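# Observations on the three-dimensional arrangement
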Amino acid sequence: MGLPFFHSGVSMSLISEIDAINTMLSTIGEAPITSLTGDLTADVATAQNVLTEVSRAVQGEGWDFNTFRDYTLPLDVNSKIPVPSNTLKVNVSRWPVDAVQRGGFLYNKTENAFTFTAPVEAEIVLFLPWADLPESAKEYIMHRAARVFLQRVVGADSLRNHSREDEYAARAKLMEAEAQSGNYSFLTPAVYNTPPRRY
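Remember, predicted model here, so these are calculated numbers, not experimental data. (Residues numbered from 1 in each chain as written. Predicted model: local features only at pLDDT ≥ 70, side-chain atom pairs only at ≥ 80, totals over all residues. Heavy atoms only, no water.)

To continue, consider the overall build of the chain. Looking only at helices and strands, the chain has 5 helices and 5 strands in total. Its helices and strands in sequence order give the chain the pattern α-α-β-β-β-β-β-α-α-α, from N to C terminus. A buried classification covers 34% of the 199 residues belonging to the chain. Excluding contacts between residues fewer than 6 apart, the proportion of contacts in the chain whose partners are at least 24 apart in sequence is 65%. (Helix = DSSP H or I, 4+ residues; strand = E, 2+ residues; numbered from the N terminus. Buried < 20%, exposed > 50% of the residue type's maximum accessible area, 1.4 Å probe, protein only. Contact = heavy atoms within 4.5 Å.)

Shown next, in the form of structure tokens:
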């Protein structure tokens, strides 16, 4: 029996990049924006840069939604193995291959060269665009970026009256979603014993 489907006539509102930036702008009393095109104010440009910066840092931790296991990295015409341009981490641990990322390619540590004789299977962490992130990740990134933005624009003293409850709650929701998506146990230390990271 399938799950019931309810249609209320109102679409669920997802967190857009503009929504996140407006949340960040609200911390310094700036009016919301409706577009990220055209001439942007200095504060909007800073908010956009901070959002990308924090998104990269959070995604770089490696979550189930952006970690791809048994990812085949093929050879190019020069017997090199390029990695996707949005690669944050790559782990090649299958014997006898010993390789690391250097620049945009894998480096063959066994042969001390950039060339390989066959494609390589790897675990790879990719940087995903905002629209491809799950809502739990968007919410956490948004609240963390708001704090970083406030500190960067106004200064460290501004954080004295800034509550981190929303950020910590969003982190907890992201970890819960990670546990469900990755089929982790409630006893998995990597998921439930990880404190909120300072940024």
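Next comes the rest of the write-up.
What follows covers the pattern of salt bridges. By the definition in use, this model includes 8 salt bridges. Between arginine 69 and glutamate 123 there is a salt bridge, with its nearest N and O atoms 3.6 Å apart. Here arginine 69 is found in strand S1 (residues 67–73), whereas its partner glutamate 123 is found in strand S5 (residues 120–126), with 54 residues between them in sequence. Judged by relative accessible area, glutamate 123 falls into the partly exposed class, the value being 33%. (Salt bridge = Lys/Arg side-chain N within 4 Å of Asp/Glu carboxyl O.)

What follows deals with the side chain of glutamate 61. Tracing the chain through its elements places glutamate 61 in the loop between helix H2 (42–59) and S1. One polar contact links glutamate 61 to arginine 171, side chain to side chain, over a distance of 3.1 Å. (Polar contact = N/O pair within 3.5 Å; in protein donor to acceptor, adjacent residues only side chain to side chain.)

To continue, consider the pairing of S5. Working note: regular strand, side chains alternate between the two faces of the sheet. Where burial is concerned, most of S5 is hidden: 5 out of the 7 residues are buried. Here S1 runs beside S5; their pairing, made up of 5 bridges, is antiparallel. Residue tyrosine 71 lies in a different strand from S5, and its bridge partner there is alanine 122. Across 4 bridges, strand S2 (residues 87–91) lies against S5 in antiparallel orientation. Residue pairing for S5: asparagine 91 is matched across the bridge by glutamate 123. (Pairing = 2+ DSSP bridges.)

A few words on helix H3 (residues 135–154). Note that an α-helix has 3.6 residues per turn; residues three or four places apart therefore point the same way. Under the 1.5 Å per step criterion, the end-to-end length of H3 is 28 Å for 20 residues, consistent within 8% with the ideal 28 Å. The element H3 is extensively covered by neighbouring structure, given that 15 of its 20 residues are classed as buried. A positive phi of about 120° marks glycine 155, the residue just after H3. (Expected span 1.5 Å × (residues − 1).)

This brings us to unusual backbone geometry. A positive phi angle, close to 55°, is found at aspartate 70, a residue other than glycine. Looking at the secondary structure, you find aspartate 70 in strand S1. Even without being a glycine, asparagine 112 presents a positive backbone phi close to 50°. Relative to the helices and strands, asparagine 112 is located in the loop between strand S4 (105–108) and S5. Residue asparagine 112 is classed as exposed on the basis of its relative accessible area, which comes to 57%.

Attention now goes to the confidence of the model for the chain. When pLDDT is averaged along the chain, the result is 85, and 82% of the positions lie at 70 or above. Below a pLDDT of 50 lies the segment residues 3–8, which in the model reaches 0 contacts outside its immediate sequence neighbourhood of four places, other chains included. (pLDDT = per-residue confidence, 0-100.)

Another point: the sheet that holds S2. With antiparallel pairing, the 3 strands of this open sheet are ordered in space as S1-S5-S2. The open sheet is flanked by S1 and S2, the only strands paired with a single partner. Averaged over all neighbouring strand pairs, the angle between strand axes comes to 40°, with direction disregarded. (Axes fitted to C-alpha atoms, helices over the stretch in contact; angles between N-to-C directions.)

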